[in-house]
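Structural overview
Residue strings, one per chain:
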Amino acid sequence: MFLDIYKKKDIYMVHDMHKKMRGDYTVPRSLLCGGFTKFFTHFIIWFSSGGTKSVLHNDGLDNINCLMEGNKDVVLIHKKYQPLVEQDGWVLNGGYSSLDVEKVDLIKHPGLKDIPWYFTKMTKGDCLFIPKGWYHNVNSYTHTKRNLAINLWFIHIPYFNKTDCDVKTDIPDTEPLSNFEVNDPDASEAEQMRSELLVPFSDKEKITLEDVKEVFNKASPEDINTFITFADQNKDGVMTWEELYSFDPMELLEKAPGIDARFEKDKDDDQSQEPEPEQKSHLVEEELSKVKDPTIELPDVVPAKEEL
């Protein structure tokens, strides 16, 4: 049993949280309005005796990492520095760097010397937001022989619903995790695709027909008109975010395959490498470093070589 051996052996657990455990954990206030809780994909437990490090990598989802016990040091790099991060030693099909995070070699990785980065120390009770596509490295350690963290993974939403926060005047500091559900894989895939399609409009309150034509400028006129038919449901020539979240994105792509994130003119520079919609993750030992998306079944126990 894991609890009997994790302090003695070089192992740790990465797994979906069982529903019966969710009442013991909470969702922080920062996620309780704005629409975030509608797009949870996984609640993941990271449990070890400490002494684990991740490779430098990025993920295809937003997530909040909440530390229950132990310590974590986290380095974060904005995704806009993708060309410099990935110019040397980047494992393209894994979404991680071959960089030795304990001994950075600027001869092998010269691009890193010009990159600004953030550093944070986490202690028990801290939660850290790690945005989709941001590069990060995590060093987990402990003085109590136990390091325990919870990841709340959710699909990136291009538009923050401020009105939802304004009308909720009694938002609690936390809410039990058991009050929320995760999306099933099909729903997650659909909403991930919607997110990719709508990211270019994230700075707009409402989207006009001209906005659509500019963003999808490489798609055919027929595909653009199909998108407008799906999105402009009241046919007034202006699309609200409520309308943009009311159609089935997979049905849209079946009828208008040219409306795809690859055709966006001013697409947010997201380099998280998530084609289907994200790459797979949480593999054992040396494969563990290739984390992209925790939407596959996770192993109960994995050797503690690296943590993500």
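Preceding block: the structure.
Here's what I pulled together on the structure shown here. All residue numbers here refer to positions counted from 1 along the written sequence of the relevant chain. Given that this is a predicted model, residues contribute local features only at a pLDDT of at least 70 and side-chain atom pairs are listed and counted only at 80 or more, while totals for whole chains, interfaces and linings are drawn from all residues. With hydrogens and water excluded, all non-hydrogen atoms of the structure serve as input to the side-chain values.

1. Thoughts on the state of the cysteines
Any cysteine sulfur atom paired with another within 2.5 Å is treated as part of a disulfide. Under the defined criterion, the tally for this structure stands at two disulfides. Disulfide pairing places Cys33 opposite Cys165 at an S-S distance of 2.0 Å. Since a negative S-S torsion denotes a left-handed disulfide, the Cys33-Cys165 link at about 95 degrees is right-handed. Residue Cys33 is found in the loop between strand S2 (26-28) and strand S3 (40-48), and its partner Cys165 is found in helix H3 (residues 162-167); the two are separated by 132 residues along the sequence. With its sulfur 2.1 Å from that of its partner, Cys66 forms a disulfide with Cys127. Judged by the torsion about the S-S bond (110 degrees), the Cys66/Cys127 disulfide is right-handed. Strands are runs of DSSP state E lasting at least 2 residues, helices are runs of H or I lasting at least 4, and numbering of each runs from the N terminus.

2. Considerations on the sheet that holds strand S9 (residues 118-122)
Reading across from one edge, S4-S11-S6-S9 is the order of the four strands in this open sheet, with antiparallel pairing throughout. In this open sheet, the two strands that pair with only one neighbour each are strand S4 (52-53) and S9. Pairs of strands are assigned from DSSP output, requiring at least two bridges between the strands.

3. Topic: the pattern of salt bridges
Any carboxyl oxygen of Asp or Glu that lies within 4 Å of a side-chain nitrogen of Lys or Arg is treated as forming a salt bridge with it. Evaluation of the coordinates by the stated rule reveals 13 salt bridges. Between Glu102 and Lys53 there is a salt bridge, and its shortest N-O distance comes to 2.9 Å. Here Glu102 is found in the loop between strand S8 (96-97) and S9, whereas its partner Lys53 is found in strand S4, with 49 residues between them in sequence. Each of the salt bridges in this network shares a partner with another, and the network as a whole consists of Lys19, Arg22 and Glu181.

4. So, the environment of Lys235
Turning to its location among the elements, Lys235 is positioned in the loop between helix H6 (221-231) and strand S15 (238-239). Two N or O atoms count as a polar contact when they lie within 3.5 Å, although within protein this holds only if one can serve as hydrogen donor and the other as acceptor, and sequence-adjacent residues are included solely when both atoms are side-chain atoms. In this structure the side chain of Lys235 is engaged in a polar contact, spanning 3.3 Å, whose partner is the backbone oxygen of Thr229.

5. A word on the packing of aromatic side chains
Within 6.5 Å between ring centres, the rings of Phe, Tyr and Trp (the latter by its six-membered ring) count as paired, and their orientation is classed by plane angle as stacked under 30 degrees, edge-to-face over 60, tilted in between. Applying the stated rule across the entire model yields 19 aromatic pairs. Taking 6.3 Å as the distance between ring centres and 35 degrees as the angle between the ring planes, the aromatic pair formed by Tyr12 and Trp46 counts as tilted. Here Trp46 lies in strand S3 and Tyr12 lies in strand S1 (residues 11-16), a separation of 34 residues in the sequence. We call a residue buried when its accessible area falls under 20% of the maximum for its residue type, exposed when it is over 50%, and partly exposed in between, using a 1.4 Å probe and counting protein chains only. Residue Trp46 is classed as buried on the basis of its relative accessible area, which comes to 2%. Grouping aromatic residues by their ring pairs yields a cluster made of Phe36, Phe40, Phe43, Phe129, Phe154, Phe160 and Phe180. Directly above the aromatic system of Phe247 lies the positively charged group of Arg194, at a separation of 5.2 Å from the ring centroid. The rule is short: NZ of Lys or CZ of Arg within 6 Å of the ring centre and within 35 degrees of the ring normal puts a charge over the ring.

6. Here's the deal with the side chain of His109
The topology assignment puts His109 in the loop between S8 and S9. What makes His109 buried here is its relative accessible area of 8%. Side-chain polar atoms of His109 contact the backbone oxygen of Asp88, separated by 3.1 Å. It only takes one pair of heavy atoms within 4.5 Å for two residues to be counted as in contact. Leave out the neighbours within four places in its chain, and His109 touches Asp88, Gly89, Ser97, Ser98 and Leu99.

7. Looking at the environment of Phe180
Mapped onto the fold, Phe180 is located in the loop between strand S13 (174-176) and helix H4 (185-198). The class for Phe180 is buried, based on a relative accessible area of 12%. Residues Phe180 and Lys38, 142 residues apart in the sequence, show an inter-C-alpha distance of 8.4 Å. Residues contacting Phe180, with those up to four places away along its chain left out, are Arg22, Val27, Leu32, Thr37, Phe40, Phe43 and Glu175.

8. Focus: unusual backbone geometry
With phi around 70 degrees, Lys145 is a residue other than glycine that occupies positive phi space. Not every positive phi belongs to a glycine, and Lys235 is a case in point at roughly 55 degrees. On the basis of relative accessibility, which here comes to 56%, the residue Lys235 falls in the exposed class.

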